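What the coordinates show
Now for the letters of each chain:
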Amino acid sequence: MTTIQHWINGTLAQGADTATQPVFNPATGAEQAQVVLGGSAEVDAAVQAASAAFETWSESSLAQRTQVMFAFRQLLVEHEEELGRIISTEHGKTVDDARGEIVRGREVVEFACGLGDVLKGSFSDQVSRGVDVHNFRQPLGVVAGITPFNFPAMVPLWMHPIAIATGNTFILKPSERDPSAANFVADLYQQAGLPDGVFNVVHGGKDAVDAILTHPGIEAVSFVGSTPIAKYVHEQATAHGKRVQALGGAKNHAVVLPDADLEFAANHITAGAYGSAGERCMAVSVAVAVGDAADGLVEVLERKAREVRVGPGDAPGTDMGPLVTKAAQERVENAVATAATQGATVVVDGRGLKVDGHERGFFTGPSLLDHITTEMDAYKEELFGPVLAIVRAESLDQAIELINANPYGNGTALFTGSGEAARRFQRKIKVGMIGINVPVPVPMSYYSFGGWKDSLIGDSPIHGPEGIRFYTRPKVVTTRWPQPTQQLTAGFNFPTSS
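Read on for an overview of the structure. (Residues numbered from 1 in each chain as written. Predicted model: local features only at pLDDT ≥ 70, side-chain atom pairs only at ≥ 80, totals over all residues. Heavy atoms only, no water.)

1. Structural notes on the overall build of the chain
Within the chain, the secondary structure is distributed over 17 helices and 23 strands. Its C-alpha atoms give the chain a radius of gyration of 25 Å, near enough to 23 Å, the size a compact globule of 498 residues would have. A principal-axis box enclosing the C-alpha atoms of the chain has dimensions of 90 × 60 × 40 Å. Looking at the 498 residues of the chain, the share that counts as buried comes to 56%. Taking contacts inside the chain between residues at least 6 apart in sequence as the whole, the part at least 24 apart equals 73%. Where the 39 positive side-chain charges of the chain centre and where its 55 negative ones centre are 6 Å apart. (Helix = DSSP H or I, 4+ residues; strand = E, 2+ residues; numbered from the N terminus. Rg over C-alpha atoms; globule rule 2.2 N^0.38 Å. Buried < 20%, exposed > 50% of the residue type's maximum accessible area, 1.4 Å probe, protein only. Contact = heavy atoms within 4.5 Å. Lys, Arg positive; Asp, Glu negative; His and termini not counted. Charge placed at Lys NZ, Arg CZ, Asp CG, Glu CD.)

Below is the structure:
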């Protein structure tokens, strides 16, 4: 049985605590490895290594940092298939889906390769007689990322390349459900020439998280996960004087107007709802059918849902793999049963699906629920599974009001052929990321990722320009170089420009 260890100061480490947790293959239901669970001792060891590395890495040149990032980016390209299969084996998503998340994470590395331009400061000449002002940004120190199971490569890649490229050192606490991708990335960094101690991995659960949130040697924490935990992370870390990025949960709506191409809309909503078994914070979980679009949309969505091919993530032709754990499978299937008892119409029932040769896997099929109301649990809860709920609205304005009343504000989409409707929607909607005829509107790496309301706790989104600001702090320098013979009188009044 493989034991997945921590990665501290450039080498694998068992840690002081011998506790472990099983890692399953969701397609077979079989235990395939054990991951060591760290706590305060392991976090402290990682902080000590990262602190020592920061002394030299923070003084490294921009050229040295970008050279590492270019090499790391190339290694991600060369090992994309291997890393994708590691993710698929532990998470359950298809290999192609896993490769897709690697590509989207790699885009942040590519953004980090160009930080020489982004980090340029500004200079103001002669702001007063003989006085100039310039500014620049410097790294914070040791920073940490706490990341979820659903994107074991992409979400960490939204954090550590920018943190490292700006001169910080990094500690990653990945999900204990699929931990191997983090160690694989650590090895790629080492191959790319990153000095030991700059990137570290500590595996574990709540003990490791709490140690990160309270350790005095960690300057900032980035988190992606559920809203209750995001609130906890934000409260604890800020109480201990740290900067915090805390991204929470979601309930993403896709609105379909009567003028939309229903085949096109349904095709993309189906992919957005059932891709990665719905285990995405940007998954489409609610389709809002407006007016006359409703019956026709349901008909096409039903056909599309029944066409989804469910199977092991490494099997050719699979569209959707299993859920990550048995508990997740049971939770999602119970949610479908509850929706039926609360009055929803179960158009497609994915419960009880068995995949030949993988009968013990954590599979459930796509479920499609019609006539969902905002009072039902299937609407209020973040199900994080392959369940698409259909809510009917009479108008675009009613759809906007419905979405704005929802406590989450991560992503939303509108399917329409009307530019006027699209413009009205994107201006009135209280959601951070919007797609127009795009079901999963994840921004490119040079824009920032983050929602509104309960989807973002605090005020700091992730990656892009916001990532630069989060992992650095500014200095402003006011300079005077008087001539040797020049006599300047120091005033007791507050200085002004003249």
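2. Quick notes on the sheet that holds strand β23 (residues 472-480)
In spatial order, the strands read β6-β7-β23; together these three strands make up an open sheet with antiparallel pairing. The outermost strands of the open sheet, each flanked by one partner alone, are β6 (123-128) and β23. Each strand of the sheet is rotated relative to its neighbour by a mean of 30 degrees, with strand direction disregarded. (Pairing = 2+ DSSP bridges. Axes fitted to C-alpha atoms, helices over the stretch in contact; angles between N-to-C directions.)

3. Thoughts on the side chain of Thr-166
Position of Thr-166 among the secondary structure elements: in the loop between α7 (160-165) and β9 (169-173). Assessed through its relative accessible area of 2%, Thr-166 is described here as buried. Polar contacts involving the side chain of Thr-166 include one to the main-chain carbonyl oxygen of Ile-162, which spans 2.7 Å. A polar side-chain atom of Thr-166 sits 2.9 Å from the main-chain carbonyl oxygen of Ala-163. When residues no more than four places from it in sequence are discounted, the contact partners of Thr-166 are Arg-65, Leu-115, Leu-119, Pro-139, Ile-468, Tyr-471 and Thr-472. (Polar contact = N/O pair within 3.5 Å; in protein donor to acceptor, adjacent residues only side chain to side chain.)

4. Comments concerning the packing of helix α9 (residues 206-214) against helix α10 (residues 227-239)
Contact geometry of α9 with α10 gives a least axis separation of 9 Å together with a crossing angle of 40 degrees. Here α9 lies oblique to α10, going by the angle between them. Packed against α9, whose contacting residues are Lys-206, Asp-210 and Leu-213, the element α10 presents Tyr-232, Val-233, Gln-236 and Ala-237 at the interface. Per-class residue counts for the contact of α9 with α10 are four nonpolar, one polar and two charged. (Parallel < 35°, antiparallel > 145°, perpendicular 65-115°, else oblique. Nonpolar A, V, L, I, M, F, W, Y, C, P; charged D, E, K, R; others polar.)

5. Brief notes about the environment of Ile-218
The residue Ile-218 is located in the loop between α9 and β11 (220-224) in this model. Judged by relative accessible area, which is 2%, Ile-218 ranks as buried. Along the sequence, Ile-218 and Gly-241 sit 23 residues apart, while their C-alpha atoms lie 9.4 Å from each other. If sequence neighbours within four positions are ignored, Ile-218 has contacts with Val-43, Val-47, Val-142, Val-143, Ala-144, Ile-171, Ile-212 and Lys-242.

6. Digging into the nonpolar core
Core analysis: the largest hydrophobic core is formed by 64 residues, its most contacted members being Val-255, Ile-372 and Leu-388. By residue number, the principal contributor to this core is helix α12 (residues 293-307), which donates seven residues. In contact with Ile-372, other than residues within four places in its own chain, are Ala-344, Ala-378, Tyr-379, Ala-389, Ile-390 and Val-391. (Core = buried A, V, L, I, M, F, W, Y, C linked by side-chain atoms within 4.5 Å.)

7. Quick look at the pattern of salt bridges
On inspection of all chains with the given rule, the structure shows 22 salt bridges. The partner of Lys-93 in a salt bridge is Glu-101, and the shortest N-O contact between them spans 2.6 Å. An identical accessibility class is assigned to Lys-93 and Glu-101; each is buried. One salt bridge connects Arg-106 with Glu-110, and the closest N-O pair in it is separated by 3.8 Å. A residue pair is termed a helical-turn pair when its members lie 3 or 4 positions apart in one helix, as Arg-106 and Glu-110 do in helix α4 (residues 95-113) at four residues. Note on Glu-110: relative accessible area 35%, which makes it partly exposed. Through salt bridges with shared partners, a single ionic network connects Arg-73, Glu-80, Glu-81, Arg-85, Arg-99, Arg-106 and Glu-110. (Salt bridge = Lys/Arg side-chain N within 4 Å of Asp/Glu carboxyl O.)

8. Comments concerning the sheet that holds strand β13 (residues 252-256)
Hydrogen bonds between backbone groups are what pair the strands of a sheet, and the pairing can be parallel or antiparallel. Pairing within the open sheet is mixed, and its seven strands lie in the order β15-β16-β17-β14-β13-β19-β20. Edge positions in the sheet fall to β15 (345-348) and β20 (433-436), since each has one partner strand and no second. Along the sheet, successive strands turn relative to each other by an average axial angle of 20 degrees, direction set aside. Sheet analysis places β13 next to strand β19 (residues 411-415), joined by four bridges and oriented parallel. Across the sheet, residue His-253 finds its bridge partner in β19, namely Thr-412. Docked against the sheet, helix α15 (residues 396-405) engages β13, β14 (284-290), β17 (387-393) and β19, running at close to 180 degrees with respect to β13.

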